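Chain by chain, the residues run as shown.
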Amino acid sequence: MMFGIGTKKARLHVNMFTNLLGEDRNGWGLSHKGLLWHGGVARNYTKRFKENQPTKIGLLFDGIAGTLTYYKDDVCLGIAFRGLNEVREPLYPIVCSTAAKTEMLLSETRRDFVNLQDRCRAIIIKHINTREKLDRLALPYFIKNYLAEAVTESSATVTPLELHLIDQYLY
């Protein structure tokens, strides 16, 4: 198994047993043998994963700092790759396997914000979390639509106190 990131150009299928992720300049990966792969070159990083025992692998990609860090069974292994902020193509998470009886389970994901605009939207949506509340705001069309993308519709109604706060602080 391999875990990492790659561009759209990363090869995703091959009819042979190979370390696919990191075989070229389009992928960065950690293999179950504890090796880091990029550009077809491997280097030691951690101990091999135990056979026939579950291993929990975590990835932390920091697009601003340009780093990829791995976690193994909740222990940080340190920064594996640097300079990823210089890659001028979108990067995507990739998991691949060449073993016939491999199992994997995605247990949780988390996305940190990439810019101040996304952070501000998240804070606003915590308080203005329905379309009804959003429609009451005197905002330009494009900003309202941007906020609406993050609003999850619910049957919640606007309380009189919320109406007062919206009217007082946002009009």
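Before reading on, note that the structure itself is shown above.
Note that the structure is predicted; figures quoted are calculated from it, not measured.

(A) Examining the packing of aromatic side chains more closely. Across all of its chains, the model carries three aromatic pairs by this definition. When the ring of Y45 is compared with that of Y70, the centres are 5.9 Å apart and the planes differ by 70°; the resulting orientation is edge-to-face. Note that Y45 is positioned in the loop between β4 (41-44) and β5 (57-62) and Y70 in strand β6 (residues 67-72), a separation of 25 residues in sequence. Under the relative-accessibility criterion, Y45 is labelled buried at 17%.

(B) Structural context of the pairing of strand β7 (residues 75-81). For β6 and β7, the ladder comprises five bridges, and the chain directions are antiparallel. In the sheet register, L68 faces β7, and the bridge partner there is F81. Turn length for the β6-β7 hairpin, with the two strands adjacent in sequence and antiparallel, is two residues, and the turn residue D73 shows positive phi of about 50°.

(C) How the structure looks around the sheet that holds β4. Taken in spatial order, the five strands line up as β4-β3-β2-β1-β8 in an open sheet, and their pairing is antiparallel. Each edge of the open sheet carries a strand with a single partner, namely β4 and β8 (92-96). Adjacent strand axes in the sheet meet at a mean angle of 20° when their direction is disregarded. Both strand β3 (residues 35-38) and β4 contribute to a ladder of four bridges, which runs antiparallel. From the neighbouring strand, L35 faces β4, where its bridge partner is N44.

(D) Seen up close, the pattern of salt bridges. Considering all chains together, one arrives at five salt bridges under this definition. As a salt-bridge pair, E89 and K9 come within 3.7 Å of each other at their nearest N and O atoms. In this pair, E89 is assigned in the loop between β7 and β8 and K9 in the loop between β1 (2-6) and β2 (27-31), connecting sequence segments 80 residues apart. Taking the relative accessible area as the measure of exposure, E89 reaches 31% and is therefore partly exposed. Note that E23 and R11 form a salt bridge whose closest N and O atoms lie 2.7 Å from each other. Note that E23 is positioned in the loop between β1 and β2 and R11 in the loop between β1 and β2, a separation of 12 residues in sequence.

(E) Unusual backbone geometry, seen in detail. With phi around 60°, N52 is a residue other than glycine that occupies positive phi space. Mapped onto the elements of the fold, N52 is located in the loop between β4 and β5. A residue is classified by how much of its surface remains accessible, and N52, at 81% relative accessible area, is exposed. Even without glycine at this site, D74 takes up a positive phi of about 70°. Relative to the elements of secondary structure, D74 occurs in the loop between β6 and β7. D74 gets classed as exposed once you look at its relative accessible area, which sits at 58%.

Reading the values: rules and limits
- Residues numbered from 1 in each chain as written.
- Predicted model: local features only at pLDDT ≥ 70, side-chain atom pairs only at ≥ 80, totals over all residues.
- Heavy atoms only, no water.
- Phe/Tyr/Trp six-rings, centres within 6.5 Å; stacked < 30°, edge-to-face > 60°.
- Helix = DSSP H or I, 4+ residues; strand = E, 2+ residues; numbered from the N terminus.
- Buried < 20%, exposed > 50% of the residue type's maximum accessible area, 1.4 Å probe, protein only.
- Pairing = 2+ DSSP bridges.
- Axes fitted to C-alpha atoms, helices over the stretch in contact; angles between N-to-C directions.
- Salt bridge = Lys/Arg side-chain N within 4 Å of Asp/Glu carboxyl O.

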